[in-house]
Amino acid sequence: MTGIDPTTTGTSETGIRDEVVRAHAEQQFADELTALRNVDDRPRPPRWAMSPWAVSTYLLGGELRDGTVITPKYIGSRRLIEIAVASLATDRALLLLGVPGTAKSWVSEHLAAAVSGDSTLVVQGTAGTSEETIRYGWNYASLLAHGPSADALVPGPVMRAMQSGAIARIEELTRIPADVQDSLITILSEKTLPVPELDTEVQARRGFNVIATANNRDKGVNDLSSALRRRFTTVVLPLPDSLADEVDIVTRRVTSLGASLDLPADLESLSEISRVVTVMRELRSGLTADGRTTIKSPSSTLSTAEAISVVTSGLSLAAHFGDGVVGADDVAAGLLGAVVKDPVQDAVVWDEYLETVVRGREGWDDLYRACRDLGSAPTGRA
């Protein structure tokens, strides 16, 4: 399965990238993956498209000996990525854990693209995810007409990954009901998937593994059983350590999104990124950047992903309804929407932050006025 839209079949990777809203990682970064494979002379695990060193280089970025620049897909601890890659090279599955917006799905996709050349073998975990989604289903027309047969069986992403020796991805594992989660135990421990209806089984080919993601802040999730958790190597992806790192991440993602969406705004003038990231870091930590003022935190997560969304929305506003340069007026509404999830409690937190921090901060007068002009403050001060 390549995930290529039928209307673009037969086109080049560049054509695919130009036609779809969001290309898969292996399509979007096909040139980098090809360059890495061409220079990669290190040992590769069975059915891996490249060596563990090359996979890490693809994720973390670098310059190859032929001068090709590999852009970083993840900005953070090198050791965490090396642990994740090393785990995939063994028979242990990988669990990427962290708060929302720490790039778990992003890292998962790029790992699968680098290791298997295919990031599309995905199970999206929800409360309604069934065991059949993880294992296999049936073509019921064929089943009713001819009974259980190999032709009537419809393999799910995990079964297909087992058959081809590829990486399967399971997003939001803890959203899946506990009894459905445990259907993975045999797959991960025995590397087989029984098909009792056909009195047979699927044995995983070498190269098969699973990358699962889960966040540790959602309410109402289903905790993993100890038996299932033991089958995973858990790597916790943290929030960016510094303001500079988070600004760099947001800048890269917004630049990429702006280009893919053909937003004709000035990407060199996104000075608002630093202010948006500062606001979110202060509110989620409960402390101003200088460490002098304690502030209340809202109920929202205020992750890096939300900062990207706020700035991208501001980019669109500036491109279509402004002068093309992102300013305070363009990001104010996005900030309000990101912070105020609870219209009562979060509105009070936001109002206090505006009055105690933003109002008196040098050079932030325009952001203060833009936020107040939205009419969100219960005090009505301007």
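Since the structure is predicted, the reported quantities are computational estimates derived from the model, not experimental observations.

Moving on, we come to the packing of helix α17 (residues 345-358) against helix α18 (residues 365-373). Where α17 meets α18, the closest approach of the two axes is 11 Å, and the angle between their N-to-C directions is 155°. Taken together, the axes of α17 and α18 are roughly antiparallel relative to one another. In this structure, the crossing between α17 and α18 has a hand that is left-handed. Residue-level inspection shows W350, D351, L354, E355 and V358 of α17 in contact with α18, the latter providing Y368, C371 and R372.

Looking now at the packing of aromatic side chains. If you walk through the whole model with that rule in mind, you get 3 aromatic pairs. With 5.9 Å between their ring centres and 90° between their planes, Y136 and W138 make a pair best called edge-to-face. Neither Y136 nor W138 differs from the other in exposure class; each is buried. Between the aromatic rings of W350 and Y353, the centroid separation amounts to 6.0 Å while the plane-to-plane angle is 20°, which identifies the pairing as stacked. Of this pair, W350 and Y353 are both found in helix α17, 3 residues apart, which corresponds to roughly one turn of the helix. Stacked on the ring of W106, the Lys or Arg R253 has its end atom at 4.2 Å from the ring centre. Note that R275 overlies the ring of W364, its terminal NZ or CZ placed 5.8 Å from the centroid.

Calculation rules
Residues numbered from 1 in each chain as written. Predicted model: local features only at pLDDT ≥ 70, side-chain atom pairs only at ≥ 80, totals over all residues. Heavy atoms only, no water. Axes fitted to C-alpha atoms, helices over the stretch in contact; angles between N-to-C directions. Helix = DSSP H or I, 4+ residues; strand = E, 2+ residues; numbered from the N terminus. Parallel < 35°, antiparallel > 145°, perpendicular 65-115°, else oblique. Left-handed = near helix turned anticlockwise from the far one by under 90°. Contact = heavy atoms within 4.5 Å. Phe/Tyr/Trp six-rings, centres within 6.5 Å; stacked < 30°, edge-to-face > 60°. Buried < 20%, exposed > 50% of the residue type's maximum accessible area, 1.4 Å probe, protein only. Lys NZ or Arg CZ within 6 Å of the ring centre and 35° of its normal.

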